[in-house]
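# Secondary and tertiary structure notes
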Amino acid sequence: EKLLRVLLSLGFSKLEVDTYLFLEKHGLPKAKDMTTNLRVTKQRLYPTIKNLQRKGIINSTLERPARFSAVPLDKVLDLLARTKIEEAHPG
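I will try to describe carefully the structure that is included in this document. For clarity, every value in this text was computed on a predicted model and none was experimentally measured. (Residues numbered from 1 in each chain as written. Predicted model: local features only at pLDDT ≥ 70, side-chain atom pairs only at ≥ 80, totals over all residues. Heavy atoms only, no water.)

### Notes on the packing of helix α3 (residues 31-38) against helix α4 (residues 42-54)
The cut-off we apply is this: Note on geometry: axes are C-alpha line fits, over the in-contact stretch for helices, and angles between N-to-C directions span 0 to 180 degrees. Runs of H or I in DSSP of at least four residues are treated as helices and runs of E of at least two as strands, each being numbered from the N terminus. For classification purposes, an angle smaller than 35 degrees is called roughly parallel, one larger than 145 roughly antiparallel, one from 65 to 115 roughly perpendicular, and anything else oblique. A crossing counts as left-handed when the near helix is turned anticlockwise from the far one by less than a right angle, and as right-handed when that turn is clockwise. Whether two residues touch is decided by their heavy atoms; if any such pair falls within 4.5 Å, the residues are in contact. Note on residue categories: nonpolar means Ala, Val, Leu, Ile, Met, Phe, Trp, Tyr, Cys or Pro, charged means Asp, Glu, Lys or Arg, and polar means any other residue, Gly included.
Between α3 and α4, the shortest axis-to-axis distance is 10 Å and the interhelical angle comes to 115 degrees. With respect to each other, α3 and α4 are oriented roughly perpendicular. Judged by the twist between their axes, the crossing of α3 over α4 is right-handed. Contacts between α3 and α4 involve Ala-31, Met-34, Thr-35 and Leu-38 on the former and, on the latter, Lys-42, Leu-45, Tyr-46 and Ile-49. Of the residues assigned to the contact of α3 with α4, the class counts are six nonpolar, one polar and one charged.

Right, dumping it as structure tokens:
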């Protein structure tokens, strides 16, 4: 619950937070498992996955179908802190 509030306050959508937390808890699921458990369509899940990959907090395997994993929370928090510092002090 506390992590949810922190990530939402950093600009993550509810679906992005739910997706990250699901991956953190469940290892390397396929997208189909994620759509079932998160109760979301593929059309909503895939853009969310792409956004999280761009932010550097989830990874995917090269196999087909791809499987996804969460970057460890301590690394995510470090990454987000660095990003916020760079935004506050550009150049």
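### What to know about the layout of surface pockets
Where empty space is left in the structure can be found by rolling a water-sized probe over the atoms. The following threshold applies: A pocket, in this scheme, is an open set of points on a 1 Å grid over the protein atoms alone with protein on both sides within 12 Å along at least 5 of 7 lines, while a cavity is a set where a 1.4 Å probe fits but cannot get out; residues line either one if an atom lies within 4 Å of a point. Grid points are joined across faces, edges and corners, and a volume is the space filled by probe spheres set on the points.
Roughly 160 Å³ of internal volume is contained in the largest pocket. Looking at the lining of the largest pocket residue by residue, the classes come out as four nonpolar, two polar and three charged.

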